[in-house]
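Examination of the molecular architecture
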Amino acid sequence: GGEVTRNLAFLLSEMNRQSQGITDPATFMSTLKEHLKKHKMDGLFDGNQQDSHELEVNLLAALEDEEPTGQVGGIADLLIGQTVSTIKCSECKNKRTVSDPSMHICVQIPKKSGCVTLEDCLQDFCKSEELKGGNKVECPNCQKKTEARKQIKVVCKQTVIIQLKR
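Everything numeric in this text was worked out from a predicted model, so none of it was measured.

1. Section: the pattern of salt bridges
Applying the stated rule across the entire model yields 7 salt bridges. Measuring nitrogen to oxygen at the nearest pair gives 2.8 Å for the salt bridge that ties Arg17 to Glu14. With a gap of 3 residues between them, Arg17 and Glu14 both fall in helix H1 (residues 3-17), about one helical turn apart. By relative accessible area, which is 59% here, Arg17 ends up exposed. In this structure, Asp124 and Lys127 form a salt bridge, with 2.9 Å as the shortest nitrogen-oxygen distance. Three or more residues are tied together by salt bridges with common partners; here these are Glu130, Lys132 and Arg149.

Spelled out as C-alpha cells, the structure:
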C-alpha cells in the first residue's frame, strides 16, 4: 500500500491501542487530502460541508488507487457485493433477476415505535415491494408494462458498508 494505506493503518492501530482518549487524525487526513488533490479528486476538501458518505467514497477510491495492479484480495475484493433484485410479473409469473455490484448499501431507518436495530433496517430494505401504478415495469415476456413484485437480497463477500439514511 501507499501513504494513505499506511497512515490509515497507523490511525486505526492508535485508536485500537488507546481504548479511551483522543486520537488525532490530522496526519491521515492531510495524507488523504494530498492524494486526492494529486488525482484531481479533492472536492472533499473544498471548504463545503460534506457527509460521511463522501469521505467513504473518496477514501475507498484512494485505497484502491494505491493497490498494485492485479492484486488479489484488495479492498474491492473485500467490499464488492451485490444487490440482487428479483422481479416477478403478476400476469405471466415470469421472474427475472438483476444484480448490481456495490461497495455499500444505503438503508432507511424504518418508522417504528421503540428501539430500531440494524437488522430492522436491513429487513425493511429487503422487504417485498409491489410495483403498480406509476411503478409498473416492462415485462419481456408479456411485452408490456405490468404490475410486479420486487424482492431485494444483499449478497456480500466478507464485509458490507451500511449507510443509514435519516
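2. Topic: the sheet that holds strand E2 (residues 95-102)
With antiparallel pairing, 4 strands are arranged side by side in an open sheet as E2-E1-E7-E4. Of all the strands in the sheet, just E2 and strand E4 (129-131) have a single pairing partner and so form its edges. If you compare each strand with its neighbour and ignore which way they point, the axes differ by 25° on average. Here strand E1 (residues 81-89) pairs with strand E7 (residues 148-155) via 8 bridges, running antiparallel. Directly across from Cys89, in E7, lies its bridge partner Ala148. Helix-sheet contacts for helix H5 (residues 118-126) involve E1 and E7, and the interaxial angle to E7 is about 140°.

3. A short note on the side chain of His104
Examined against the element boundaries, His104 turns out to sit in strand E3 (residues 104-108). For His104, the side chain forms a polar contact with the side chain of Glu56, separated by 3.0 Å. When neighbours within four sequence positions are excluded, His104 is seen to be in contact with His53, Glu56 and Ile161.

4. Focus on empty space enclosed by the protein
Scanning the model with the defined rule gives 1 cavity of 30 Å³ or more in all. The space that makes up the largest cavity amounts to roughly 50 Å³. Taken together, Leu79, Gly81, Gln82, Thr83, Ser102, Met103, His104, Ile105, Val154, Val155, Cys156 and Val160 make up the lining of the largest cavity. Of all the secondary structure elements, the ones that give two or more residues to the lining of the largest cavity are E1, E3 and E7.

5. With respect to the packing of helix H2 (residues 26-38) against helix H3 (residues 52-66)
Their axes nearest at 10 Å, the elements H2 and H3 cross at an angle of 70°. Our classification of the angle between H2 and H3 gives roughly perpendicular. Residues Phe28, Met29, Leu32, His35 and Leu36 of H2 form the contact with H3, whose participating residues are Leu55, Asn58, Leu59, Ala62, Asp65 and Glu66. The residue inventory of the contact of H2 with H3, partitioned by class, reads 7 nonpolar, 2 polar and 2 charged.

6. Describing the environment of Ala148
Mapped onto the elements, Ala148 comes out in strand E7. Given a relative accessible area of 7%, Ala148 falls into the buried group. Through-space distance from the C-alpha of Ala148 to that of Lys95 is 9.4 Å; in sequence the pair is 53 residues apart. Beyond its immediate sequence surroundings of up to four residues, Ala148 is in contact with Ile87, Lys88, Cys89, Ser90, Glu129, Glu130, Leu131 and Val137.

7. Observations regarding the layout of surface pockets
The volume enclosed by the largest pocket comes to roughly 210 Å³. Lining the largest pocket are Leu8, Leu11, Pro25, Phe28, Met29, Ser52, Leu55, Glu56, Leu59, Leu60, Leu63 and Ile161. Among the elements that take part in the lining of the largest pocket, H3 stands out by supplying 6 residues, more than any other. A breakdown of the residues in the lining of the largest pocket according to their chemical character gives 10 nonpolar, 1 polar and 1 charged.

Reading the values: the criteria
- Each residue is numbered by its place in its chain's sequence as written, counting from 1.
- Local features are withheld for residues below a pLDDT of 70 in this predicted model, meaning they are given only at 70 or higher, and side-chain atom pairs are given and counted only at 80 or more; totals for whole chains, interfaces and linings count all residues.
- Water and hydrogen atoms play no part in the side-chain values, which are based on all heavy atoms of the structure.
- Salt bridges are counted wherever a side-chain nitrogen of Lys or Arg sits within 4 Å of a carboxyl oxygen of Asp or Glu.
- Segments assigned H or I by DSSP are reported as helices when at least four residues long, segments assigned E as strands when at least two residues long, and all are numbered from the N terminus.
- The buried label applies to any residue whose accessible area, calculated with a 1.4 Å probe on protein chains only, is under 20% of its type's maximum; exposed applies above 50%, and partly exposed to all values in between.
- Here a strand pair is declared whenever DSSP counts at least two bridges between the two strands.
- Helix axes are fitted only over the stretch in contact, all axes being lines through C-alpha atoms; the angle between N-to-C directions runs from 0 to 180 degrees.
- Here a residue-residue contact requires only that any non-hydrogen atoms of the pair lie within 4.5 Å.
- Whenever two N or O atoms come within 3.5 Å, that pair is a polar contact, provided that in protein one can donate a hydrogen and the other can accept it, and provided that, for residues adjacent in sequence, both atoms are side-chain atoms.
- A 1.4 Å probe that fits but cannot get out identifies a cavity on a 1 Å grid over protein atoms alone, an open set with protein on both sides within 12 Å along at least five of seven lines counts as a pocket, and a residue lines either if it has an atom within 4 Å of a point.
- Grid points are joined across faces, edges and corners, and a volume is the space filled by probe spheres set on the points.
- These descriptions rest on fixed angle ranges, namely under 35 degrees for roughly parallel, over 145 for roughly antiparallel, 65 to 115 for roughly perpendicular, and the rest for oblique.
- By the convention adopted, Pro, Cys, Tyr, Trp, Phe, Met, Ile, Leu, Val and Ala count as nonpolar, Lys, Arg, Asp and Glu as charged, and the other residues, Gly among them, as polar.

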